[in-house]
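# Survey of secondary and tertiary structure
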4 protein chains.
Amino acid sequence: MYAQTKGENMQELQKQLEEILESCRSYTNMGRVADYIPELASANRDDIGICVSIPSESEYGGIWHAGDWEKQFTIQSICKPILLLQAIIDNGTDYVKEHVGMEATGKPFNAIDYSEHLLLREHINPMVNIGAIAVCGMIKADSDQERFEKILSMLKRITGDPDLAVDERVFNSERETGNKNRALAYLLKSSGMLSGDAESLLEVYFAMCSIKVSCRDLAAVALLLAMHGKDAEGRQVIPEDAARMLNAVLTTSGMYDGSGEFAATVGVPAKSGVGGGIMAVVPGRMGIGIYSPGLDKKGNSVAGVKMLERLSREMNLSIF
Amino acid sequence: MYAQTKGENMQELQKQLEEILESCRSYTNMGRVADYIPELASANRDDIGICVSIPSESEYGGIWHAGDWEKQFTIQSICKPILLLQAIIDNGTDYVKEHVGMEATGKPFNAIDYSEHLLLREHINPMVNIGAIAVCGMIKADSDQERFEKILSMLKRITGDPDLAVDERVFNSERETGNKNRALAYLLKSSGMLSGDAESLLEVYFAMCSIKVSCRDLAAVALLLAMHGKDAEGRQVIPEDAARMLNAVLTTSGMYDGSGEFAATVGVPAKSGVGGGIMAVVPGRMGIGIYSPGLDKKGNSVAGVKMLERLSREMNLSIF
Amino acid sequence: MYAQTKGENMQELQKQLEEILESCRSYTNMGRVADYIPELASANRDDIGICVSIPSESEYGGIWHAGDWEKQFTIQSICKPILLLQAIIDNGTDYVKEHVGMEATGKPFNAIDYSEHLLLREHINPMVNIGAIAVCGMIKADSDQERFEKILSMLKRITGDPDLAVDERVFNSERETGNKNRALAYLLKSSGMLSGDAESLLEVYFAMCSIKVSCRDLAAVALLLAMHGKDAEGRQVIPEDAARMLNAVLTTSGMYDGSGEFAATVGVPAKSGVGGGIMAVVPGRMGIGIYSPGLDKKGNSVAGVKMLERLSREMNLSIF
Amino acid sequence: MYAQTKGENMQELQKQLEEILESCRSYTNMGRVADYIPELASANRDDIGICVSIPSESEYGGIWHAGDWEKQFTIQSICKPILLLQAIIDNGTDYVKEHVGMEATGKPFNAIDYSEHLLLREHINPMVNIGAIAVCGMIKADSDQERFEKILSMLKRITGDPDLAVDERVFNSERETGNKNRALAYLLKSSGMLSGDAESLLEVYFAMCSIKVSCRDLAAVALLLAMHGKDAEGRQVIPEDAARMLNAVLTTSGMYDGSGEFAATVGVPAKSGVGGGIMAVVPGRMGIGIYSPGLDKKGNSVAGVKMLERLSREMNLSIF
């Protein structure tokens, strides 16, 4: 019978995830834990977890997982697509596209002394820090405090986790050591791409980066993007074009300077963070959350990328 | 009956293509025809054509077309994925990935006077000229003449068109004015990324860029990539991983500096050329060939992109 | 008699200066007054002044002048050599050379997202903003307030003008609109090239740029550099090697991107500011102060450069 | 008596040179001999020589020397000012300034795929390879063969050495391995900054770089520049403005990326070559030729720079 078959399939998928995780465990000690702040440096490099969220109407519907899937870590750069999503909801895709570039071909900005513009809008991709800060400033709110609460609320709704919160120690460290981001924010201001108070907006950005999430949370966000904005009940909770635009941006720029290689070997939209997380979207099929804090030179989780490579090959996930 | 329904559907699709083409015809005069050589400058800016090739086992199986779909134009940069494909067939994906970068984040190369390397392998994307020339040099042959014939033969087999040939006047002009490409070839040589004679290899590259194709030819190549290397009879004529890698590279870098924007609005792997052609791949579904020589500032056909936008929206083609 | 001859020569020099100024007056309306803040935009483009200060033991010893030589304007970038001078006095030339570059070949800094250093010490020339801010931070003081007073005191001593003061309106505007400099300061901090509070240090820098000076003041500073640190009484008030180093740096980098052209046509160490001033040093012979607020595209006073060209040719001032 | 005094002074200077050379001999083994071609790699790192040429009417008039001052080595980049000199003689300073930049702030050129110019005239300094090749193309002659002979003839006249000749083995190696220069030449052609045949012009350039000279030859050229174009008999053999322009360009850009540091520590116009030579100009006073093939990271002779530092300090040579 169908139910039975489904149950059997489910066990199969669960087993498959566990096998993949175990086969990639040895990669955990090939990466290097981010150490620019002590809170990240203290992560356990042996941790490895995965969570796959599949729509209930599918054959394998449900939430599957293995390893340290419930462990919490800071979201870091994976907040960038969340910020972009909120900015699109507030302003529409056209406005956002006009105000930040979508190209991965980031060009350098030069140290110019007089009378030249430092930045061109088309050069600030929303998946790198400067673009993410610009996008953060586009989110509509009466205050920066409200701005942060608005994004956090959306994230709580999407993940279904009302307890999502900022890791205060990470937040304080990010704020204290965040001078590069501070430089980028003032560069945006000097180019007229940021209104309002830079310091206050940076607080929002640093707080966003410091939210504690688990693989389950990332899989939930990824699933919503995979289903083009429809939740489990089929309600369009975020606009379809916003979801598609995010999936496109993640594909071209989500994995730092490793995006092209990742597209060729894994072939799904994804975003990584230096906290060790990866959020991967399989359009129409599933959302995936990954955690393993050992990073490669480009800032992507080594064991995480390996797990996605195997999963993509075995389950034929590539969109290409 | 099914046959009848299929016939009706077919008429519907044919009609749809014609409507889309007509609705985008006004965009032809918004672009600018490439004019760096007289042969390109003499193109008719009013030309506009489209061809869609769908596997016969599909509901809409067959070749659909509208406008100037049989008109010939030079393939130009759309030969880049063909070169990459042949290089992968000859060397494997791993070798190619190690020897040219897959990242869209092309970094500048500097004018350095002494003792520094000008180029890093990871910076030379196969979809920009320098990378394409490097890739051309990887194709295995006993002579450059043979190298060219090998690629042309493959292209004839894929398109099923034994008459494919070089436009000699375009070839001569490209060769005469091709000093930027000559510079790039010698830059590759000076960095140890090219063996053999640079001038002779450039002849191959210029000849490849000068092959005359029609929308039908581009649609045929695109269909093979869409079907992951399987031809109409289901034979694996190019390796699946090569096809997937090409689709990934086209998505991140196929439309010059407009690749990110194109991914967000159209959402399919594609490659454009300054001759006015666009080859678009819809994985698992269809191959598309486009022609309209008026280009935007980034070098992509204005009307061509518009047709793809409408087609993608109406037929839900986006992979994201 | 000698005295008489001297008097006659003096009249001759005075007359020559006036002639040069008049012959260059027509250039005043070919420049463009800086307008990034309203206080600079309100400058009178017709103003033109020159002051030449020659050691009293020379044949032409004394202070010669023409036009608006007593008019006050803000020193702007001409404070950069003053800051460098104080930093050398406080730390020695070796320390300063190790901590900022002396090369004009400024290389771009890139917008990098993860794990790379943004800046190399050798790239931050003390005559461009980022280097000047770094140099400002090297000046030894117990507080930033004291730091500013220390530099102002030195400037008062050199110019012999106890009334030198900040233009408060310019200072406030610079501070309000100085986000590019703010970005540069935080970039320095993020690269470990700045300790202490960035905002507070920027106050010092903005205040320094806003000091009101006249051609006479600039000529006095230039004379001290020309005499390799010896004042009118022959006392070594600044170290000789500091003076020579400053003259070298001014020659290679003092006139923004026009330094090479200026060296070829005028041939003396000089520094310009967007307020319209130029300070020119003729080693062993004289100091020159210039004012004319119409700027060329590189940020140098148009009429000012023309006056220096004529003066150099007629008086054979070139050091080359 | 004067003659006697002069003789005594001369012995003193001779002794001083020998002392300076000996005190710097230990630096010879701190540099690294250029090894991009075998002929340079085979240089003897222990070699060290100096020659100072002073106008006969001066107190120390004559040619002074120490160490391996007669040893021959290839002129390499020190041919750049010779090429610039001939180009100015043939076209005037204005023409040359309009067609190549004089700024040291060399900006990068980017790998651009479509429709943008790769190069701006103002970015190509005549003291780096690309600018020197452009300058070479400006020299007026009916053929490239004649072009080379014209420059060689001038060099023979200036040095008074009719036997100056090309090192054929170095020339052949330069030509065989000169793909970076080949790339630069085609870049110039593609930007319309070079007419004529690139390969043939490169022959001229490679031949110029391969001329064998000694310290004495370099001192002779430097003396002519120091005397602003007047020879020992007081005849103006090259235009004064050409000599001054050369001295200016050498000061801002003659020592590669070490030009600023060299200006601050030595303070005279100079040009180095990877063959180990340095030509230094002391305006109004003397010409200096140096040889020691061990290079620092920037491509300048380590022991050579040290000798110039000591000589400048002891004889007060700095122009600043």
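Residues numbered from 1 in each chain as written. Chains lettered and ligands numbered in written order. Predicted model: local features only at pLDDT ≥ 70, side-chain atom pairs only at ≥ 80, totals over all residues.

Glancing now at the overall build of chain A. Within chain A, the secondary structure is distributed over 12 helices and 9 strands. The C-alpha radius of gyration computed for chain A amounts to 19 Å, which stays within 12% of the reference 20 Å derived for 320 residues, consistent with globular compactness. In terms of overall dimensions, chain A has a C-alpha envelope of 70 × 40 × 35 Å along the principal axes. For chain A, restricting intrachain contacts to residue pairs at least 6 apart in sequence, the fraction spanning at least 24 positions comes to 69%. (Helix = DSSP H or I, 4+ residues; strand = E, 2+ residues; numbered from the N terminus. Rg over C-alpha atoms; globule rule 2.2 N^0.38 Å. Contact = placed C-beta atoms within 7 Å.)

Taken together, the contacts link 26 residues of chain D with 26 residues of chain C. For the side of chain D that touches chain C, the secondary structure elements donating two or more residues are helix H11 (240-253) and helix H12 (259-265) of chain D. The element contributing the most residues to the side of chain D that touches chain C is H11 of chain D, with 7 residues. The residue makeup of the side of chain D that touches chain C, split by class, is 12 nonpolar, 9 polar and 5 charged. (Nonpolar A, V, L, I, M, F, W, Y, C, P; charged D, E, K, R; others polar.)

This next bit is on the confidence of the model for chain A. Residues and elements named next belong to chain A. Summing up the model confidence of chain A, the mean pLDDT is 91 and the portion of residues at 70 or higher is 91%. This stretch, residues 106-117, has a pLDDT under 50; its non-local contacts, to residues over four places away or in other chains, come to 28 contacts. With a pTM of 0.91, the predicted complex shows an ipTM of 0.91. (pLDDT = per-residue confidence, 0-100.)

What follows concerns the relation of the copies chain D and chain C. With an RMSD of 0.0 Å, the fit of chain D onto chain C corresponds to turning through 180 degrees and sliding 0.0 Å along the axis. This pairing of chains is accounted for by a two-fold axis. Both copies share a contact surface, since 100% of the interface residues of chain D are interface residues in chain C too. (Least-squares fit on C-alpha atoms with pLDDT ≥ 70 in both.)

Residue and element names in this part refer to chain B. Packing of helix H3 (residues 79-91) against helix H6 (residues 144-159) leaves a shortest axis separation of 10 Å and a crossing angle of 105 degrees. Taken together, the axes of H3 and H6 are roughly perpendicular relative to one another. Contact residues: Ile82, Leu83 and Gln86 in H3; Lys150, Ile151, Met154 and Leu155 in H6. Of the residues in the contact of H3 with H6, the class split is 5 nonpolar, 1 polar and 1 charged. (Axes fitted to C-alpha atoms, helices over the stretch in contact; angles between N-to-C directions. Parallel < 35°, antiparallel > 145°, perpendicular 65-115°, else oblique.)

Residue and element names in this part refer to chain C. Between helix H3 (residues 79-91) and helix H11 (residues 240-253), the least distance of the axes is 10 Å, while the angle of their chain directions is 145 degrees. Seen from above, H3 lies across H11 with right-handed handedness. Across the interface between the two elements, Pro81, Leu84, Leu85, Ile88 and Ile89 of H3 pack against Ala242, Met245, Leu246, Val249 and Leu250 of H11. Residue classes in the contact of H3 with H11 are distributed as 10 nonpolar, no polar and no charged. (Left-handed = near helix turned anticlockwise from the far one by under 90°.)

One frequent convention defines the size of an interface as the accessible area lost when the parts assemble. Counting residues at the interface gives 26 residues for chain B and 26 residues for chain A. Every element with two or more residues in the side of chain B that touches chain A is listed here: helix H11 (240-253) and helix H12 (259-265) of chain B. The leading source of residues in the side of chain B that touches chain A is H11 of chain B, at 7 residues. Counted by class, the side of chain B that touches chain A contains 12 nonpolar, 9 polar and 5 charged residues.

To continue, consider the sheet that holds strand E3 (residues 62-67) of chain B. Residue and element names in this part refer to chain B. Read from one edge to the other, the open sheet built from 5 strands follows the order E3-E2-E8-E7-E6, with strand pairing classed as antiparallel. Looking at which strands have only one partner, the edges of the open sheet turn out to be E3 and strand E6 (270-272). The mean angle between the axes of side-by-side strands here comes to 10 degrees, regardless of whether they run parallel or antiparallel. Strand direction decides the pairing type here: strand E2 (residues 49-54) and strand E8 (residues 286-291), joined by 5 bridges, are antiparallel. For Val52, the partnering residue across the bridge sits in E8 and is Ile288. (Pairing = 2+ DSSP bridges.)

Moving on to the relation of the copies chain B and chain A. Overlaying chain B with chain A gives an RMSD of 0.0 Å, the required rotation being 180 degrees about an axis along which the chain moves by 0.0 Å. The fraction of interface residues of chain B whose copies in chain A are also interface residues reaches 100%, indicating that both copies meet through the same surface.

Our focus in this paragraph is the environment of Gln76 of chain D. With respect to the helices and strands, Gln76 of chain D occurs in the loop between strand E4 (73-74) and helix H3 (79-91). Sequence-distant contacts of Gln76 of chain D, that is, excluding residues within four places in its chain, are made with Cys209, Gly273, Val274 and Gly275 of chain D.

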